[in-house]
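# Overview (structure and organization)
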Amino acid sequence: MSITTLPIAIQPVAKSRLPEVDVNNVPFGKVFSDHMFIADFDGQTWNDLRIVPYGDVPLSPATSSIHYGQSIFEGMKAYRSDSGDVLLFRPFDNQRRLNLSAERMAMPAVPESIFMDGLCELLRNDKNWIPSKEGSSLYIRPFHFATDDYLGVKASDHYKFMIITTPVGPYYSHPLKVLVEKSFFRAVPGGVGFVKASGNYGRSLYPTQLAKQKGYDQLIWTDGREHKYVEESGTMNLMFVIGDKLITPGLRDTILAGITRDSVLTLARDWGMTIEERPVEVREVVEALEKGTMQDAFGTGTAATIAHISHIGIDDIQYELPPVEKREFSNKVNFELDQIRRGRKEDKHGWVYRVS
Ligand SMILES: *Cc1c(COP(=O)(O)O)cnc(C)c1O
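Residues numbered from 1 in each chain as written. Predicted model: local features only at pLDDT ≥ 70, side-chain atom pairs only at ≥ 80, totals over all residues. Heavy atoms only, no water.

What follows concerns the side chain of glutamine 70. Take glutamine 70: it is sitting in the loop between helix 1 (64-68) and strand 4 (71-73). For glutamine 70, a relative accessible area of 10% translates into the label buried. Here the side chain of glutamine 70 touches tyrosine 159 through a polar contact of 3.1 Å, side chain to side chain. Among all residues touching glutamine 70, those that are not within four sequence positions of it are Ser65, Met105, Ala106, Met107, His144, Phe145, Ala146, Lys154, Ala155, Ser156 and Tyr159. (Helix = DSSP H or I, 4+ residues; strand = E, 2+ residues; numbered from the N terminus. Buried < 20%, exposed > 50% of the residue type's maximum accessible area, 1.4 Å probe, protein only. Polar contact = N/O pair within 3.5 Å; in protein donor to acceptor, adjacent residues only side chain to side chain. Contact = heavy atoms within 4.5 Å.)

See below:
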C-alpha cells in the first residue's frame, strides 16, 4: 500500500443515482457512477485532491487541451470477487503508462500515490456500482489534460487529472469484420502511436467510418511508411495463431504496449506456446488465409479483452476465419484472464490488486 502524501477531500452525493440504474444491463460508457476524482496541477505541484459528485467541470473556452491536444488517458477495469472484494487488474501498469504518455506530451507526471489513492478512494465510495454479472465490470477512465486558458502554443502550466467510472458489459457483441487499411495510417515512427493520446483516436475515426460504409467493423492499421506490415486493429493489439504459433507485431513506437497484450503473451508462454513478436507482413497474413493455416485472429484490449476477428478484408477480397467455437487459444486465454481478474484462479504473476 502506498503512503498517502496528500489528503483527499470527500464530498458525497446527497442521493445516490444507483437505485435508478441496473448496473448489470447498461449501454457501454453512457452511465457514470455517483462520484469522480479530481486533482489539479498548478504549475508546480498537484493540489486539491477531491472526490465530488459526478458532473460537469467548468472550463474556459481557451482551455489549451481543446485547442492543442495535450490530453491523455487510461482504461482499466474493476471486478467484484465472489467474496465481495473489489479487484483491480495490473493498475500500476496503467499508472506507469499514463506517465509515459505524459512525458511524450510534455505534461507533468501523476505520482503513483495520487493515482492509486484517488482510484482506491473513488472505488470505496462507488463499489456498489461494480456489476456482479459474468462478463460485466466497472470500466475506469483516468484522464489528464491541459487547462491553461491561453491560446499561445506551448506546454500548459495547469492540468487536471481525473478519474470517472462506468458499469459496462461486453464491448463487442459479435466477432469483428476487419479491413486492412492501406492508405490512411494511425502512427508513424517518431510519432505518438505508443502513447494513449486522445488525438490518436480522433484521427482514426474518419478512416474507420469509410470502412464501416463498406460493411466492416474495424480496421487493421498498417505501418505509416509502406503499408507493408500490420500493426494494430482499431484500438486493440493484434494477434494471430498461424499453424501452432502465436504471432503478434513486436512493440515499437508506432504500437501501444497493451497490458492485455502482455498478459496474453505471458499466459501463452506459461503454457509453452511458441510466440513470435516481430514485424508481421500483410503478405504473410494473406498467405496464411489462402493456405488455411490461420487458426485464430483477435484483438486484445481492456475494453474488449479478446475480440475475435471473423473476417479479414484485404483490397477487394474478404477472407473468412474459422468459427469462434473452434478457436482453442483465444477462448482458453479469454477464460483464464477472466478467472484471474475475478480472483477465482491463482494469480501467479501478481496482477490482481485488492482494494482495501
Ligand atoms: C489502449 C490501447 C490498446 C490496449 O491496451 P490495454 O492496456 O490492453 O487496454 C491497444 N492499442 C491502442 C491503440 C490503445 O489505445
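On we go.
Looking now at the domain arrangement of the chain. Domain annotation for the chain reports domain 1 (9-168) and domain 2 (176-341). On a C-alpha basis, the centroid separation for the pair domain 1 and domain 2 is 27 Å. Contact between domain 1 and domain 2 buries roughly 1800 Å² in total, counting both sides, with carbon and sulfur atoms accounting for 61%. Of all residues in domain 1, the largest losses of buried area upon contact with domain 2 belong to Phe73, Phe89 and Arg97, amounting jointly to 33% of the total for that side. At the surface where domain 1 touches domain 2, the tally comes to 1 salt bridge. For arginine 90, the salt bridge is made with aspartate 262, and the minimal N-O distance between the two is 2.9 Å. At the surface where domain 1 touches domain 2, the tally comes to 11 residue pairs in polar contact (both at pLDDT 80 or more). (Domains from an automatic or database assignment. Buried area = accessible area lost by both parts, 1.4 Å probe. Salt bridge = Lys/Arg side-chain N within 4 Å of Asp/Glu carboxyl O.)

For the pair helix 2 (residues 91-104) and helix 3 (residues 112-125), interaxial distance at closest approach is 10 Å and the crossing angle is 130°. In terms of their interaxial angle, helix 2 and helix 3 are classed as oblique. Here helix 2 and helix 3 pass one another in a crossing that is right-handed. Judged by residue contacts, Pro91, Phe92, Asn94, Gln95 and Leu98 of helix 2 engage Glu112, Phe115, Met116 and Leu119 from helix 3. Looking at the contact of helix 2 with helix 3 residue by residue, the class counts come to 6 nonpolar, 2 polar and 1 charged. (Axes fitted to C-alpha atoms, helices over the stretch in contact; angles between N-to-C directions. Parallel < 35°, antiparallel > 145°, perpendicular 65-115°, else oblique. Left-handed = near helix turned anticlockwise from the far one by under 90°. Nonpolar A, V, L, I, M, F, W, Y, C, P; charged D, E, K, R; others polar.)

In this structure the tally under the stated criterion is 16 aromatic pairs. A ring pair is formed by phenylalanine 184 and tyrosine 206, whose centres lie 5.8 Å apart and whose planes are at 90°; its orientation type is edge-to-face. Note that phenylalanine 184 is positioned in the loop between strand 9 (176-181) and helix 4 (198-202) and tyrosine 206 in helix 5 (residues 205-213), a separation of 22 residues in sequence. The partly exposed category is assigned to phenylalanine 184, whose relative accessible area is 32%. With a relative accessible area of 47%, tyrosine 206 lands in the partly exposed category. Counting every residue linked through ring pairs, the aromatic cluster contains Phe37, Phe41, Trp46, Phe115, Tyr159 and Phe161. (Phe/Tyr/Trp six-rings, centres within 6.5 Å; stacked < 30°, edge-to-face > 60°.)

Next up on the list: the nonpolar core. Ranked by internal contacts, the top residues of the largest apolar core, which has 38 residues, are Phe37, Leu123 and Phe161. Once residues within four sequence positions are removed from consideration, phenylalanine 161 is found in contact with Phe37, Ile38, Ala39, Trp46, Leu98, Val110, Ile114, Phe115, Pro142, Phe143 and His144. With 25 residues, the next largest nonpolar core counts Leu176, Met236, Ile247 and Ala304 among its residues. (Core = buried A, V, L, I, M, F, W, Y, C linked by side-chain atoms within 4.5 Å.)

What follows deals with helix 7 (residues 282-291). All of the buried residues along helix 7 are Val282, Val285, Val286, Ala288 and Leu289. Projected onto a plane normal to the axis of helix 7, the buried residues spread over an arc of 165° and lie on a single side. Exposed positions of helix 7 whose direction lies more than 90 degrees from the buried face are Arg283, Glu290 and Lys291. Immediately downstream of helix 7, the backbone of glycine 292 shows phi near 80°, a positive value. (Arc of directions from axis to C-beta.)

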